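Here's the letter readout for the chains.
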Amino acid sequence: MSDAQRERDPSLAVSDPAVHELLLAEDRRQRDSIRLIASENYASKAVLEASASSLTNKYAEGYPGRRYYEGMDFVDPLERLAIDRAKQLFGAEHANVQPYSGSPANLAVLLALVPPGGTIMGLSLPAGGHLTHGWKVSATGIYYKSVQYGVRESDHRIDMDQVREMAREHQPKLIWVGHSAYPRELDFAAFAEVAAEVGAHLVADIAHISGLVAGGVHPSPVPHCAAVTTTTHKTLRGPRGGLILSRKEFAKKIDKAVFPGLQGGPHNHTTAAKAVAFNEALQPEFKTYAAQVVTNAKALGEALLSRGFELITGGTDNHLLLVDLTNRGISGRVAAQALNACGIELNGNSIPFDKRKPFDPSGIRIGLASLTSRGMGVEHMDAVAGFIDAGVREAAAHEGAVSDEFAQRSRASVAEFLAAFPAPGL
């Protein structure tokens, strides 16, 4: 590139140093923090490269072979490649790779399968469900009649007897199975039996566990469901985006619901990154990663239990842990803020039957996808638990605050600990 060209099209560092510095700071934060937010991960350099490609310049309303714009010479084969890889990865009859994220994917399935005002059922948000499964503040709970099943108070497991009774009583058109904070394996076959009994569509939202399903360490919902939705980041380790899988009989309805029902042109640069991520997940080493995520989560759970923490359901079958901090004398939100100052990122989270308000809940949610992507194993989980325990103890002893001196010491120790585990993609 000539000097004249550089002047006309300068780099980010030259054209907008304020944004450039913030991006560099975020890179440093992701390198030097113990990232335990259950919905986050590290995308590979290849995924990031595809996400930043010239495809962001291209509009492509419609579907391959049926577009409203010209210049689809490379966009169409790229989207077909992403579709084929998604179908192969999950064993699905149909895939729509255009949803912008998980919530639009869920809305599209509802638009396709349930008339406005129809009854839907989903796991309640306080029990670990997701907003888009019919919670009252979501469009899914505003434009549809929603009823919510929960978990047993005795063990915080999904109560299939309650699911069956509610389905018989309310006769929903669609039943959601999925979660944002439920640490146990989902019994898709049992939900399918209930759905069949009442004539409902069963739809699984596997946004949190799609990487575990793709890696073969969690049962697949695909054989049991009319449709399956997911994000393409989280445990799947791709770009921020959404995906819908379905049976062939629902393909046209779902495609029409995505476009033109809810969206305009797809984000082609994200489609490219999805194709890359699906290909990565088809490789043998992805299965090793997925198994290690679960093994690490179990090991961290045991390490936290040994330090006196209380785990919802007593442990985990997947990538996440839900910790009740009631016995530590500190709320989840306050603990999360204190830990963040110490270089440990997680989020405050409601627990089942929580006596505290959602914005200041009793629990914290911990996910192991990011640390596993950095190459950590079981032998490193005791150290991670030690960092968490030290930060919580310090905050609880000082009315929720940690001193600058303690925070700096902790961040330095965390950075030293992480130095042996390079962050992918950065």
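Residues numbered from 1 in each chain as written. Predicted model: local features only at pLDDT ≥ 70, side-chain atom pairs only at ≥ 80, totals over all residues. Heavy atoms only, no water.

Going by an unreviewed UniProt entry, the protein carries the name Serine hydroxymethyltransferase and comes from Plesiocystis pacifica SIR-1. Looking at the Cofactor (unreviewed entry) heading of the UniProt record, one finds this comment for the protein: "pyridoxal 5'-phosphate". The heading Sequence similarities (unreviewed entry) in the UniProt record of the protein holds the text "Belongs to the SHMT family." (UniProt positions renumbered as here; feature names shortened; annotations may be inferred.)

What about the pattern of salt bridges?
Under the definition given, this model contains 15 salt bridges. A salt bridge links Asp76 to Arg67; the nearest nitrogen and oxygen atoms lie 2.7 Å apart. The partner of Arg168 in a salt bridge is Glu197, and the shortest N-O contact between them spans 2.5 Å. Residue Arg168 is located in helix α8 (residues 160-170), and its partner Glu197 is located in helix α9 (residues 188-198); the two are separated by 29 residues in the primary sequence. When its relative accessible area of 47% is taken as the criterion, Arg168 is described as partly exposed. A single salt-bridge network, built from bridges that share partners, covers Glu26, Arg29 and Glu345. (Salt bridge = Lys/Arg side-chain N within 4 Å of Asp/Glu carboxyl O. Helix = DSSP H or I, 4+ residues; strand = E, 2+ residues; numbered from the N terminus. Buried < 20%, exposed > 50% of the residue type's maximum accessible area, 1.4 Å probe, protein only.)

Describing the packing of helix α13 (residues 284-306) against helix α16 (residues 381-397)
Two elements in contact, α13 and α16, have axes whose closest approach is 8 Å; the angle formed by their N-to-C orientations is 50°. For the element pair α13 / α16, the angle class is oblique. In this structure, the crossing between α13 and α16 has a hand that is right-handed. Contacts between α13 and α16 involve Asn296, Ala299, Leu300, Ala303 and Leu304 on the former and, on the latter, Met381, Asp382, Val384, Ala385 and Ile388. (Axes fitted to C-alpha atoms, helices over the stretch in contact; angles between N-to-C directions. Parallel < 35°, antiparallel > 145°, perpendicular 65-115°, else oblique. Left-handed = near helix turned anticlockwise from the far one by under 90°. Contact = heavy atoms within 4.5 Å.)

Thoughts on unusual backbone geometry
The general pattern is negative phi for most residues beyond glycine and trans for most peptide bonds. Following Phe259, the chain continues to Pro260 via a peptide bond in cis, the omega torsion being 10°. Positionally, Pro260 belongs in helix α11 (residues 251-262). Backbone geometry places Arg237, a non-glycine residue, at a positive phi of 70°. For Arg237, the position within the fold is in the loop between β9 (227-231) and β10 (242-246). You will see that Thr313, though not glycine, has its phi angle at about 70°, which is positive. Turning to its location among the elements, Thr313 is positioned in the loop between β11 (310-311) and β12 (320-324). Assessed through its relative accessible area of 15%, Thr313 is described here as buried.

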